[in-house]
Amino acid sequence: MMSSAKLLRRTFGSRAVGERLGAAAAVALSAAPVPTLSVASCRASTADRPTTRSFAAAAASPAAAKKKKGKDASAGGDDDGGASSGLSYKERKEATKQKRRDAWDRKQDRLERLKTRRDHAPKDVLKGKFRSWWEGEQQYHDVLRREAKREGKPWRVRVAVMVERLPVVTPDVEPWEREYYDLRDYLMSFGKEYPEETGFMFAPDKPEDHIIPSDEELLAGLPFTPAPRETEADATGEVRTRDRQLKERVYLALRTDAEGNLSGPRWTLPSALARTDETLLSVAERAVAESVGKDLTTWCPSNAPMAVNFRKYGKGLSPEFAGGYFGEKIFYYRIQYDQEDVDEGALKAEDYGWLTRGEMTERVKEERGEHQAKFFHYML
């Protein structure tokens with residue numbers, strides 16, 4: 001512990017002054033009387049302090065009791081509406097369950113009121129269906145690869161062609177779209193309003209200025225007669241013409257037995273087996289020319305195929321057609337119609353037609369089943 005002389009010397013900065021002040025302080029302390037404590041003084045000093053009994057009495061006061069009651073009510077919650085003290089355990093449990101039931105009913109009522117919101121609509125339904133089909137297709141292809149490797153048989157390469165005629169007219173407008181267009185045209189008929197002092201305002205509008213003509217009235221005012229959106233082929237059901245289903249894409253389909261099926265001809269796409277000295281695109285062009293003649297000209301936007309499918313040679317094929325191969329890898333090309341038409345004299349098929357995706361899918365489903373129909377649905 002630091003002495004008083006050292007403390008004073010450090011405070012005042014002089015050794016002599018610190019020593020003199022330290023000596024004086026020591027004399028003063030030695031001369032001062034030392035206080036003594038007695039039992040009476042201790043009792044007197046502790047008499048004013050509250051004892052344990054006084055604390056208990058203060059806690060039992062009305063103000064403290066009221067404060068404790070409020071604290072207990074806030075801590076215990078109001079699940080039972082403040083009447084839990086008079087209820088049994090089973091009654092309190094039943095009351096809590098009823099409260100949860102009421103909350104659930106309120107939530108369901110709110111969801112029913114908000115039923116039209118997009119957040120409550122099921123999402124990714126079509127994507128989930130496609131993924132389930134695609135994963136099964138991939139697993140099936142892997143099984144065929146392993147089986148062909150185990151048997152030591154090679155694959156044939158076939159190229160199939162989707163000859164596509166694009167839509168000729170715009171699709172029909174939905175009712176809600178028609179209502180939107182009518183409302184937009186009506187609002188645009190009023191134009192913009194400017195302050196009168198600018199001089200930009202036109203003459204006041206008349207009621208007839210806001211009458212929106214219908215499509216029929218607009219067509220009647222044209223100097224020519226537009227072609228109908230529904231053709232004669234649509235009315236008669238003729239499919240051997242491109243002048244049908246003008247609002248949709250149609251594809252050239254053939255009913256042929258060129259794929260070697262013993263069951264007879266079936267609906268499929270123009271196709272041909274690839275040779276060793278050909279590219280896939282050249283095989284696609286040859287497949288169209290050999291199937292429907294050379295008059296039909298097409299345009300291919302890409303050198304790459306769009307899809308591939310595996311076909312295993314089974315008991316429904318003749319041994320001469322199989323030729324020791326395990327099956328076919330079919331590569332599908334999408335090419336677009338350019339001009340001219342099918343040469344029926346050079347047609348190497350029992351029948352042909354320009355079919356929509358739905359029509360092609362239905363024919364494949366009737367002949368080959370649901371699985372192959374889904375393949376054509378997703379591909380087309």
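Higher on the page you've got the structure.
What comes next is a walk through the structure. Keep in mind that this is a model prediction, so the values were computed, not measured.

The number of helices and strands found in the protein chain is 14 helices and eight strands. A buried classification covers 23% of the 380 residues belonging to the protein chain. Taking the contacts inside the protein chain whose residues are at least 6 apart along the sequence as the reference set, 69% of them involve residues at least 24 apart. Carbon and sulfur atoms make up 55% of the accessible area of the protein chain, which totals about 27600 Å².

Its identity as a non-glycine residue notwithstanding, Gln 245 has a phi of 50°, on the positive side. Checked against the element boundaries, Gln 245 lands in the loop between helix H10 (232-236) and strand E2 (250-256). One non-glycine residue, Glu 340, lies in the positive phi region at around 65°. Structurally, the position occupied by Glu 340 is in the loop between strand E7 (327-339) and strand E8 (351-355). Residue classification places Glu 340 among the partly exposed positions, given a relative accessible area of 48%.

Judged from the ten bridges that link them, strand E1 (residues 155-165) and E7 form a sheet pairing that is parallel. Opposite Val 163, over in E7, you have Ile 335 as the bridge partner. Note that strand E5 (residues 297-299) and E7 share three bridges and pair antiparallel. Considered in E7, the bridge of Thr 297 is made with Gln 339.

Its place among the elements puts Arg 286 in helix H11 (residues 280-292). Of the residues examined, Arg 286 reaches a relative accessible area of 15% and is grouped as buried. Looking at Arg 286, its side chain comes within polar contact range of the main-chain oxygen of Leu 273, at 2.8 Å. In this structure, Arg 286 is in contact with Ala 272, Leu 273, Ala 274, Arg 275 and Glu 278, ignoring residues within four places of it in sequence.

The next thing to look at is the environment of Gln 339. Summarising the element assignment, Gln 339 is placed in strand E7. C-alpha of Gln 339 to C-alpha of Leu 296: the two residues are 43 residues apart in sequence and 6.4 Å apart in space. The contacts of Gln 339, once residues within four sequence positions are left out, are Asp 295, Leu 296 and Thr 297.

Here we take up the nonpolar core. Ranked by size, the top nonpolar core spans 22 residues in total, and within it Val 163, Leu 252, Val 292 and Trp 354 carry the most contacts. Listing elements by their share of this core, those giving two or more residues are E1, E2, H11, E7 and E8. Looking at this core element by element, the count peaks at six residues for H11. The contacts of Val 163, once residues within four sequence positions are left out, are Val 250, Tyr 251, Leu 252, Val 288, Leu 296, Thr 298, Ile 335, Tyr 337 and Trp 354.

This part takes up the side chain of Asn 309. Note on placement: Asn 309 falls in strand E6 (residues 307-312). Since its relative accessible area comes to 3%, Asn 309 is described here as buried. Residues within four places of Asn 309 in sequence aside, it is in contact with Glu 137, His 141, Glu 328, Lys 329, Ile 330, Tyr 332, Gln 372 and Phe 375.

What counts and what doesn't
Residues numbered from 1 in each chain as written. Predicted model: local features only at pLDDT ≥ 70, side-chain atom pairs only at ≥ 80, totals over all residues. Heavy atoms only, no water. Helix = DSSP H or I, 4+ residues; strand = E, 2+ residues; numbered from the N terminus. Buried < 20%, exposed > 50% of the residue type's maximum accessible area, 1.4 Å probe, protein only. Contact = heavy atoms within 4.5 Å. Areas by Shrake-Rupley, 256 points an atom, 1.4 Å probe, with all protein chains shown as cover. Pairing = 2+ DSSP bridges. Polar contact = N/O pair within 3.5 Å; in protein donor to acceptor, adjacent residues only side chain to side chain. Core = buried A, V, L, I, M, F, W, Y, C linked by side-chain atoms within 4.5 Å.

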